[in-house]
Amino acid sequence: MSEEYGAEFITLTDDEGNEFELEYLDTIEYKGNLYMAFFPTLEEGQDEDSEDFGLIILRSVPGVGEEDDSLESVDDEKELNAVYDLFMESLFDDEDEDDSES
């Protein structure tokens, strides 16, 4: 039996040294690469309906040698759309399963 313990959050630092916090949603594999989905955390006064608040998909890049794995944006629109569709299927399948268990 699986129990929910709450959301997982990570803090990322971009190339310019800016830190931001994201809520981890899920990881999927697509064409041999791992992709992770996140939602940005809301700061006080932010509206979740704004265009700055949406699903963020990042590709996991394995570290070389002693380097840690890193995350990078997906620039190819076709690849991004395919991965987005897979995440949407996965997220909505999870919701459907939760509703049927009630």
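Keep in mind the model is a prediction, meaning the values are calculated, not measured.

Caption draft 1: Structural context of the environment of E19. With respect to the helices and strands, E19 occurs in strand β2 (residues 19–30). Residue E19 is classed as exposed on the basis of its relative accessible area of 60%. Once you skip the residues sitting within four places of it in the chain, E19 turns out to touch T11, L12 and T13.

Caption draft 2: Molecular detail of the environment of F87. Tracing the backbone shows F87 in helix α1 (residues 77–101). Sequence separation between F87 and L25 is 62 residues, and the spatial gap between their C-alpha atoms is 9.3 Å. Setting aside chain neighbours within four positions, we find F87 in contact with D26, T27, I28, Y35, M36, A37, L55 and I57.

Caption draft 3: Seen up close, the packing of aromatic side chains. Within this structure, the stated rule accounts for 2 aromatic pairs. When the ring of Y24 is compared with that of F38, the centres are 5.9 Å apart and the planes differ by 65°; the resulting orientation is edge-to-face. Residue Y24 is found in strand β2, and its partner F38 is found in strand β3 (residues 33–40); the two are separated by 14 residues along the sequence. On the accessibility criterion, F38 (0% relative accessible area) is buried.

Caption draft 4: Region of the structure containing the sheet that holds β3. Taken together, the 5 strands give an open sheet; going across it, the order is β1-β2-β3-β4-β5, and neighbouring strands pair in antiparallel fashion. Taken across any chain shown, the strands that pair with only one partner, and hence form the sheet edges, are β1 (8–13) and β5 (70–73). Taken pair by pair, the neighbouring strands of this sheet meet at an average axis angle of 50°, ignoring direction. Looking at chain direction, β1 and β2 are connected through 6 bridges and run antiparallel. Among the inter-strand pairings, E8 is bridged to a residue of β2, identified as Y24.

Criteria and thresholds
- Residues numbered from 1 in each chain as written.
- Predicted model: local features only at pLDDT ≥ 70, side-chain atom pairs only at ≥ 80, totals over all residues.
- Heavy atoms only, no water.
- Helix = DSSP H or I, 4+ residues; strand = E, 2+ residues; numbered from the N terminus.
- Buried < 20%, exposed > 50% of the residue type's maximum accessible area, 1.4 Å probe, protein only.
- Contact = heavy atoms within 4.5 Å.
- Phe/Tyr/Trp six-rings, centres within 6.5 Å; stacked < 30°, edge-to-face > 60°.
- Pairing = 2+ DSSP bridges.
- Axes fitted to C-alpha atoms, helices over the stretch in contact; angles between N-to-C directions.

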